[in-house]
Amino acid sequence: MGRGRAKAKQVKVARQLKYNSGGTDLDRLRDELGVGDSSSDDADDLNDELADRYADYADDYGAGDDDDGRPSGRR
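An unreviewed UniProt entry lists the protein under the name DUF3073 domain-containing protein, with Nonomuraea helvata as the source organism.

Put into structure tokens, the structure is as follows:
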């Protein structure tokens, strides 16, 4: 008879988690994870730096150039 009681408790906990999980404090979570508020200028600078770095690869390995000599596309 103990199995039914345990299952009922699990169902109760699952329902609580499903329907009552809206109380997350995102600021506290951000602090715990160590994620700082970065300004959009820093993100833009990082994106520009990455774009410049990979632009060199795009110049070296331009579109349509395959190393194995096969035409691009599916067979």
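Asker: Tell me about the overall build of the protein, and please be specific about residues and values.
Answerer: A tally of regular secondary structure across the protein gives three helices and zero strands. Ordering the α and β elements of the protein from the N terminus gives α-α-α. Each of the 75 residues in the protein was classed as buried or not, and the buried ones make up 0%. Accessible surface, the protein as shown: approximately 7600 Å² in total, 47% of it carbon and sulfur.

Asker: So what's going on with a negative patch on the surface? Which residues, and what values?
Answerer: Together, D42, D44, D45, D48, D52, D56, D59 and D60 make up a negatively charged patch on the protein surface. One can find D44 in helix 3 (residues 40–60).

Asker: Any details on the pattern of salt bridges? Residues and values, ideally.
Answerer: Taken as a whole and judged by the stated rule, the model has three salt bridges. Here R30 ties to D27 by a salt bridge, and the two come within 3.0 Å at their closest N and O atoms. Taken together, the residues R30 and D27, both in helix 2 (residues 26–33) and three residues apart, mark about one turn of the helix. The partner of E49 in a salt bridge is R53, with the nearest N and O atoms 3.3 Å apart. Of this pair, E49 and R53 both sit in helix 3, four residues apart, which is roughly one turn of the helix. The class for E49 is partly exposed, based on a relative accessible area of 44%.

Asker: Please set out the confidence of the model for the protein residue by residue, giving values where relevant.
Answerer: Here the protein averages 77 in pLDDT, while 73% of its residues score no lower than 70. Per-element mean pLDDT across the protein ranges from 79 in helix 3 up to 89 in helix 1 (residues 2–19).

Asker: Outline helix 1, listing residues and values.
Answerer: Taking 1.5 Å per residue as the helical rise, helix 1 with its 18 residues ought to reach 26 Å, and the 26 Å between its terminal C-alpha atoms agrees with that figure. Little of helix 1 is tucked away: zero of the 18 residues are buried.

Asker: Talk me through a nonpolar patch on the surface; I want residue IDs and the actual numbers.
Answerer: There is a patch of nonpolar side chains on the surface, built from L46, L50, Y54, Y57 and Y61 and spanning about 570 Å² of accessible area. With respect to the helices, strands and loops of the structure, Y54 is situated in helix 3.

Thresholds, definitions, all that
Residues numbered from 1 in each chain as written. Predicted model: local features only at pLDDT ≥ 70, side-chain atom pairs only at ≥ 80, totals over all residues. Heavy atoms only, no water. Helix = DSSP H or I, 4+ residues; strand = E, 2+ residues; numbered from the N terminus. Buried < 20%, exposed > 50% of the residue type's maximum accessible area, 1.4 Å probe, protein only. Areas by Shrake-Rupley, 256 points an atom, 1.4 Å probe, with all protein chains shown as cover. Patch = residues over 30% accessible without salt bridge, like charges linked within 9 Å, V, L, I, M, F, W, Y side chains within 5 Å. Salt bridge = Lys/Arg side-chain N within 4 Å of Asp/Glu carboxyl O. Lys, Arg positive; Asp, Glu negative; His and termini not counted. Charge placed at Lys NZ, Arg CZ, Asp CG, Glu CD. pLDDT = per-residue confidence, 0-100. Expected span 1.5 Å × (residues − 1).

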